[in-house]
Amino acid sequence: MTAIPEAVRKRATKLRDEIEQANYRYYVLDEPSIPDSEYDRLFRELQSLESEYPGLVSADSPTQRVGVQPVGGFATAEHATPMLSLDNAFSTEEVAEFDRRVRERLSYDGNVTYSAEPKLDGAAISLTYQDGLLVRGATRGDGTVGEEVTHNVRTIRSIPLRLHGRGFPTVLEVRGEVFMPLAGFEELNRKAREAGTKTFVNPRNAAAGSLRQLDPKFTAERPLDFFAYGVAHGDGPSLAPTHHEILDNLTEWGLRACPERRVVTGVDGCVEFYEELGAQRNSLAYDIDGVVYKVDEIDQQEALGYVSRAPRWALAHKYPAQEQVTTVEAIEWQVGRTGAITPVARLTPVFVGGVTVSNATLHNIDDLRRKDVRVGDTVIVRRAGDVIPEVVSVVGERRPAKTKAVRLPRKCPVCRSDVLRVEGEAVARCTGGLVCAAQRKEALRHFASRRAMDIEGLGAKIIDQLVEQDLVATPADIYNLTVEQLAELDRMGEKSAGNLIEALRNSKETTLPKFLYALGIREVGEATASNLARHFASLESIEAASSEELQDAPDVGPVVAEHIRAFFEQRHNQEVIQKLRSAGVHWPDLQKARADQAGPLDGKTFVLTGTLDGMTRSEAKKRIEALGGKVTGSVSKKTDYLVCGRDPGSKLAKAETFRTEILDEPALVTLLNDEAR
Ligand code: IVH
């Protein structure tokens, strides 16, 4: 055997310690200390040392096990078939290598058929159905023994408590991923930040943590979802001969499998899928960290078998990591449209989520304090989907000596007005209002944006110059600009100046919801603007409405109503609106249009059951009716939609027999928002 150099031995020990520490923080504390990408690097380095010097391998090496022991609090759950992990590939070459090994072992020359599917970033779960009834839910644990979390699993609405249809095995063990959709995750963290409690690092962590709540009541409050990706074993009627058909069967039995899956041929098919899905990655509703290729024929899978921690018939092909470590070079404050000042970390540029990131948000002063981010710190940055990159945590072990905690500035960094923090509010604000150039710029950007007045060509660079040269102070001023003035600006010629004037002219023809949204009233987003427009039908009635009357509109509570009142009470806002109208900004008369046109949900019948989280049932009813829909008390064959909240009643079963379309709360909200547009 090769002698093992001392330096190698030391390095291996160091790697093992770091990996074990990371494992403990990840699995036991649900508080990862380093991102996966870093973990993978350490793990691969250890693996390669161990393969070069087999004498290094010891039974306690982290390479020899899948996860860690369960921590107690839950009953243990044994996995008759171990829950394995997957080998990773980071390049096309590694995929080709995997395919080559598969063909070699199968002594097969042709193209192998693979099932290609997203690699969901959540927590692995095993669900056992006995005679169609969900009897056990278990986490992966160390792969052989996990934790029994049946009570928690039962709170996840996309997991059927009883299988549908027929033909399923007497005992069916389904494997899949519990995950938290991005929208739910963002919302959960937003609420946590508002309440001043701890936020989750990422959706995967939030999913794993939620599954391991000792009280299922807490799990039930978390927006968890589930996709099945395989079957461990089934007794009774035999399963289909290919993986993709098995997944299809699972969906017929009422389980969900990820719709973004496809049967592909050979390496080319795999890589094509990887690229296509990669292009959609940022617009998916959930986090994925790669794709998984699985040999589709079950016979072939069986012939290939397993190595210690992973099947030989499957491979995970990873995307660029959405979390990376980097260092904080500075912490600066940015002033937003409503004066909110947000701490922003300037970072040593790092490639994360497919782009180079050099700034990341820290949300607000409380969040910054809670995470205790300091200049010089090594931090985890996350960039996923369309969400702005954020600093999620500090790698405490790597903090340099002599760092200072960051303080909230007393003066606005842009206009030197006082910074004020209202009791009970998470954000601090510059009090400069439209005196503050930063607020003016943001207000104009918002006004011109696509979903507001949609002024093509009026981008950030131009707005900055217009404000800095005092050509424009309020949105009304932009309609007085001349071609000559615009042509003087940097990066502008006669032609683009002419185009911009034309775009300004076109933008004058708008709609009431867009105009309301463009005004940038605090807390009045697109959905609220639509609701207000629909409910009041004219700007005059909104301006004249009392706080109570405003709250009659769907989605408007006392706080929003107060912001709306405060906005219209300001003389200068009234002046701006007046000037905009005299400049020719106009919209169709809704009162008249309303009489002529039916609502988008006309003729649709809804039934509500269970508790909704984001609105009361009567609010939901109001919103549905505002769009022309009808809400009735019981399900019949005439019901178009059953809106199903938490702890649904017997209406759910009834709706299933009528095959009524079932909407969960997010689906209802999407429908209402889409239709309100
Ligand atoms: S198959 C025996 N398919 O990735 C094969 N796993 O490292 C076992 N995962 O924790 C896994 N999406 O929970 C498979 N479409 C998918 C997956 C998937 C996510 C997770 C799985 C496991 C990890 C494997």
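Keep in mind that what you see is a predicted model, and the values were worked out from it rather than measured.

**Re the site of the ligand**
Then step 1. Of all residues adjacent to the ligand, which total 13 residues, the nearest are Glu117, Leu120, Glu177, Tyr229 and Lys294.
Then step 2. Here a nitrogen atom of the ligand and a side-chain polar atom of Glu117 are 2.9 Å apart.
Then step 3. The separation between an oxygen atom of the ligand and a polar side-chain atom of Tyr229 is 2.7 Å.
Then step 4. Alone, the ligand offers 520 Å² of accessible surface; in the complex the protein occludes 88% of this.
Then step 5. Those elements that provide at least two residues to the shell around the ligand are β3 (113-120) and β10 (288-295).
Then step 6. Here the shell around the ligand gets four residues from one element, more than from any other, and that element is β3.
Then step 7. Residue composition of the shell around the ligand, by class: seven nonpolar, one polar and five charged.

**Remarks on the environment of Gly254**
Then step 1. Tracing the sequence through the fold places Gly254 in the loop between α8 (243-252) and β9 (262-265).
Then step 2. Sequence separation of Gly254 and Leu163 is 91 residues, and the distance between their C-alpha atoms is 5.8 Å.
Then step 3. Not counting residues up to four positions away in its chain, the partners in contact with Gly254 are Pro160 and His164.

**Some words on the pairing of strand β4 (residues 123-130)**
Then step 1. By the criterion of burial, β4 is predominantly enclosed, with seven of the eight residues buried.
Then step 2. One ladder, built from eight bridges, connects β4 with strand β7 (residues 171-179); its direction is antiparallel. Paired with Ala123 across the two strands is Val178, which belongs to β7.
Then step 3. Two elements, β4 and strand β5 (residues 133-139), share six bridges in a ladder whose sense is antiparallel. Within β5, the residue paired with Thr128 across the bridge is Arg136.
Then step 4. Linking β4 to β5, which pair antiparallel, is a turn of two residues; within it Asp131 sits at a positive phi near 50°.

**With respect to the packing of helix α20 (residues 558-569) against helix α21 (residues 571-582)**
Then step 1. With their axes 5 Å apart at the nearest point, α20 and α21 run at an angle of 75° to one another. Relative to α21, the element α20 is oriented roughly perpendicular. Between α20 and α21, the contacting residues are Phe567, Phe568 and Glu569 on the first element and Arg571, Asn573, Gln574 and Ile577 on the second.

**Brief notes about the sheet that holds strand β20 (residues 630-632)**
Then step 1. Pairing in this open sheet of four strands is parallel, and the strands run β20-β19-β21-β22 from one edge to the other. Both outer strands of the open sheet, β20 and β22 (661-663), are each paired with one neighbouring strand and no more. Pairs of neighbouring strands in the sheet enclose a mean axial angle of 35°, with direction left out of account.
Then step 2. Pairing of strand β21 (residues 641-644) with β22, which is carried by three bridges, proceeds in the parallel orientation. Across the sheet, residue Leu642 finds its bridge partner in β22, namely Ile662.
Then step 3. Relative to the sheet, helix α23 (residues 617-626) contacts β19 (605-609) and β20, its axis offset from that of β19 by approximately 170°.
Then step 4. Lying over the sheet, helix α24 (residues 651-658) contacts β19, β21 and β22, oriented at roughly 150° with respect to β21.

**Thoughts on α21**
Then step 1. With twelve residues, α21 extends 17 Å between its outermost C-alpha atoms, agreeing within 8% with the 16 Å of an ideal straight helix rising 1.5 Å per residue.
Then step 2. Of all the residues in α21, the buried ones are Asn573, Val576, Ile577 and Leu580. Looking down the long axis of α21, one finds its buried residues gathered within 95° of arc, a one-sided arrangement. Projecting away from the buried face of α21 at angles above 90 degrees are the exposed residues Arg571 and Ser582.
Then step 3. Where α21 is buried, its residues contact α12 (437-448), α16 (512-518), α18 (539-544) and α20.
Then step 4. Just beyond α21, the residue with positive phi is Gly584, at close to 110°.

About the cut-offs
Residues numbered from 1 in each chain as written. Predicted model: local features only at pLDDT ≥ 70, side-chain atom pairs only at ≥ 80, totals over all residues. Heavy atoms only, no water. Near = heavy atom within 4 Å. Polar contact = N/O pair within 3.5 Å; in protein donor to acceptor, adjacent residues only side chain to side chain. Areas by Shrake-Rupley, 256 points an atom, 1.4 Å probe, with all protein chains shown as cover. Helix = DSSP H or I, 4+ residues; strand = E, 2+ residues; numbered from the N terminus. Nonpolar A, V, L, I, M, F, W, Y, C, P; charged D, E, K, R; others polar. Contact = heavy atoms within 4.5 Å. Buried < 20%, exposed > 50% of the residue type's maximum accessible area, 1.4 Å probe, protein only. Pairing = 2+ DSSP bridges. Axes fitted to C-alpha atoms, helices over the stretch in contact; angles between N-to-C directions. Parallel < 35°, antiparallel > 145°, perpendicular 65-115°, else oblique. Expected span 1.5 Å × (residues − 1). Arc of directions from axis to C-beta.

Keep in mind that these numbers describe shape and distance, not what the molecule does.
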